[in-house]
Amino acid sequence: MPAPTIDLADVEAAAARIGRQVLRTPVSVAATLGGLLGAEVFLKGEHLQHTGAYKARGALNAVLQLDGTASVLTHSSGNHG
């Protein structure tokens, strides 16, 4: 099965869906690491989310796309559940 394609419109729609529930976290440039790698390296401060991780973004986006008749059950040994 081929992987689904995601375009800018998908990203913008997800951002609109989850925008009220997640924090807008900062992006910083890792100049030293970028210099070592010969590339621009950006760090996204998702550790500042309420959950301490980026995982809330994907999970919330998925749940908010359900039709309202589905039930959701999660299990995790970490903070994703």
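This is a predicted model, so every value here is computed, not measured.

Trainee: What's the story with the overall build of the protein chain in this structure? I'm lost.
Mentor: The secondary structure content of the protein chain amounts to three helices and two strands. Along the protein chain, from the amino end to the carboxyl end, the secondary structure elements read α-β-α-β-α. Taken over C-alpha atoms, the radius of gyration comes to 16 Å for the protein chain, far larger than the 12 Å a tight globule of 81 residues would show. Counting only C-alpha atoms and orienting by the principal axes, one finds that the protein chain spans roughly 50 × 30 × 30 Å. Within the span of the protein chain, comprising 81 residues, buried residues form 15% of the whole. Taking the contacts inside the protein chain whose residues are at least 6 apart along the sequence as the reference set, 45% of them involve residues at least 24 apart. Surface accessibility of the protein chain: about 6,700 Å² in total, with carbon and sulfur atoms responsible for 61%.

Trainee: Would you take a moment to explain a nonpolar patch on the surface for this structure?
Mentor: Judged by side-chain polarity, Ile6, Leu8 and Val11 come together as a nonpolar surface patch covering roughly 330 Å² of accessible area. Mapped onto the elements of the fold, Ile6 is located in the segment before helix H1 (8–18).

Trainee: In this structure, what is going on with the packing of H1 against helix H3 (residues 55–64)? I would like to understand it.
Mentor: When two helices pack together, their arrangement is captured by the angle between the axes and the distance separating the axes. Interhelical geometry of H1 versus H3 gives an angle of 90 degrees and a closest axis separation of 9 Å. As the angle between them shows, H1 and H3 are arranged roughly perpendicular. Where H1 approaches H3, its residues Ala14, Arg17 and Ile18 are matched on the opposing element by Arg57, Leu60, Asn61 and Leu64. In terms of residue class, the contact of H1 with H3 is built from four nonpolar, one polar and two charged.

Trainee: Hey, could you run me through the pattern of salt bridges in this one?
Mentor: Charged atoms that come close allow side chains of opposite charge to pair. Tallying each qualifying case throughout the model produces two salt bridges. Residue Lys44 pairs with Glu46 through a salt bridge whose shortest N-O separation is 4.0 Å. For Lys44, a relative accessible area of 43% puts it in the partly exposed group. By relative accessible area, Glu46 is classed as buried at 9%. Bridged by salt links that share partners, the residues Lys44, Glu46 and Arg57 form one connected network.

Rules used in this analysis
Numbering of residues starts from 1 in each chain and follows the order in which that chain's sequence is written. This being a predicted model, a pLDDT of at least 70 is required before a residue's local features are given, and a value of 80 or more before pairs of side-chain atoms are given or counted; all residues contribute to the totals for chains, interfaces and linings. Heavy atoms from the whole structure form the basis of all side-chain values; hydrogens and water molecules are not counted. Secondary structure elements follow DSSP: runs of H or I of four or more residues count as helices, runs of E of two or more count as strands, with numbering from the N terminus. Atoms considered for the radius of gyration are the C-alpha atoms alone. The globule rule reads 2.2 Å times the number of residues to the power 0.38. The cut-offs for exposure are 20% and 50% of the maximum accessible area for each residue type, with area from a 1.4 Å probe on protein chains only; residues under the lower value are buried, those over the upper are exposed, and the others partly exposed. In what follows, a contact means two residues having at least one pair of non-hydrogen atoms within 4.5 Å. Method for areas: the Shrake-Rupley scheme with a 1.4 Å probe, in which residue coverage is limited to the protein chains shown. Surface patches are drawn from residues lacking salt bridges whose relative accessible area is over 30%; two like charges belong together within 9 Å, two nonpolar side chains (Val, Leu, Ile, Met, Phe, Trp, Tyr) within 5 Å. Whenever a carboxyl oxygen of Asp or Glu lies within 4 Å of a side-chain nitrogen of Lys or Arg, that contact is scored as a salt bridge. Lines are fitted to the C-alpha atoms to define the axes, a helix being fitted only along its stretch in contact, and any angle between axes, read from their N-to-C directions, falls within 0 to 180 degrees. Should an angle fall under 35 degrees it is taken as roughly parallel, and over 145 as roughly antiparallel, whereas 65 to 115 is taken as roughly perpendicular and any remaining angle as oblique. Classes in brief: Ala, Val, Leu, Ile, Met, Phe, Trp, Tyr, Cys and Pro nonpolar; Asp, Glu, Lys and Arg charged; the others, Gly included, polar.

Function cannot be read off these values alone, since they describe shape.
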